[in-house]
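# Summary of the model geometry
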Amino acid sequence: MASVLGEKERKKIVFPSKNELSEAMAKYTANLSAKFCKERGYFTLVLSGGDLISWLSELLKPVYQESIEWSKWHIFWVDERVVPLDHKDSNYKLAFDGFLSKVPIPIANIYAIDQDCAALGDAKGAALLYEECIKRLVNRNIIRTYKSSGFPQFDLQLLGMGPDGHMASLFPGHYQIKEKAKLVTYITDSPKPPPKRITFTLPVINCASYNLMAVCDEAQADAVAEVFKDNLDLPSAWLTADVEAIWFLDQAAASKIPKGH
Ligand SMILES: O=C1O[C@H](COP(=O)(O)O)[C@@H](O)[C@H](O)[C@H]1O
């Protein structure tokens, strides 16, 4: 089976538990924040939903609260459920309640999906407007572009994977994974509720400088093993990055990876 990584190996670190994973993810994020804030005065961070947000709470510790240049952070979502922003299924609400409301990132630097489209359940409109929002920030040089392609290049994306191998809202067997031209697309029949979502496309996801995929628990072990066997039916197996794509796993999630992978 072809590997999307060519000769390179898929990078992974296996941690004894979620606690160590969460500490390492905070360190990784803080180091990249320092690097990009110094180099260009901004740090563009893309979040996903799911379990990942609770693991970000490590960044709320005083050592990070005091050292991170929060005013330079710009926050995006790799995918979002098209529900009102105060709905329990909203990835924005999850991140806001669990993390963003507790750190001094300027509210203007937090790019949620369009409120009206979210309230109306208009997935197509939400995707179009999020793509326009990204393009505006590219024009303002807040988001870099990837080499000559013109695709936006985020500094770091923190990603998660579902037990079916989906990442962002790119699901196995759904055509969105094949989108090559758009930056943001949408789905109205997501196999995981809620059905209406928007998502970055694979070219945008893979243009990021750094992609950290964090996966814990035994329920994900089969999908993790398939990814490490390069089963490209799983959207997560397509993950690459410009500089580094790395998998942070706890022991349970890594338990079925075949030897030698
Ligand atoms: O629905 C979603 O699921 C994935 C995976 O979530 P997890 O709880 O299994 O880690 C998440 O990355 C995505 O952002 C979210 O919309």
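Relevant structure appears above.
Residues numbered from 1 in each chain as written. Predicted model: local features only at pLDDT ≥ 70, side-chain atom pairs only at ≥ 80, totals over all residues. Heavy atoms only, no water.

Bringing the pattern of salt bridges into the picture now. Under the counting rule described, the total for this entry stands at 15 salt bridges. The salt bridge involving K88 is made with D89; its shortest N-O contact spans 3.4 Å. For D89, a relative accessible area of 22% translates into the label partly exposed. The salt bridge involving K93 is made with D97; its shortest N-O contact spans 2.7 Å. Taken as a pair, K93 and D97 lie in helix α4 (residues 91–98) at a separation of four residues, close to a single helical turn. Residue K93 is classed as partly exposed on the basis of its relative accessible area of 27%. Accessibility expressed as a relative area gives 39% for D97, which makes it partly exposed. Overlapping salt bridges, with partners in common, bring together R40, R144 and D155 in one network. (Salt bridge = Lys/Arg side-chain N within 4 Å of Asp/Glu carboxyl O. Buried < 20%, exposed > 50% of the residue type's maximum accessible area, 1.4 Å probe, protein only. Helix = DSSP H or I, 4+ residues; strand = E, 2+ residues; numbered from the N terminus.)

Once that is clear, we can look at helix α6 (residues 123–139). Helix length check: α6 (17 residues) gives 24 Å between terminal C-alpha atoms against 24 Å at 1.5 Å per residue, within 8%. Here α6 has its buried residues at A123, G125, A126, A127, Y130, E131, C133, I134, L137 and V138. Looking at the buried positions of α6, the neighbouring elements they touch are β3 (73–77), α5 (115–120), β5 (144–145), β6 (152–153), β8 (184–187) and β9 (197–200). Backbone nitrogen of K124 and a side-chain oxygen of the N-cap are separated by 3.4 Å at the start of α6; the cap is D122. Of the residues trailing α6, N141 is marked for its positive phi of about 65 degrees. (Expected span 1.5 Å × (residues − 1). Contact = heavy atoms within 4.5 Å. Polar contact = N/O pair within 3.5 Å; in protein donor to acceptor, adjacent residues only side chain to side chain.)

Further remarks concern the nonpolar core. W73, Y130 and F200 are the most contacted members of the largest nonpolar core, which has 90 residues in total. The contacts of W73, once residues within four sequence positions are left out, are T29, S33, F43, L45, L59, I68, F99, I105 and N109. (Core = buried A, V, L, I, M, F, W, Y, C linked by side-chain atoms within 4.5 Å.)

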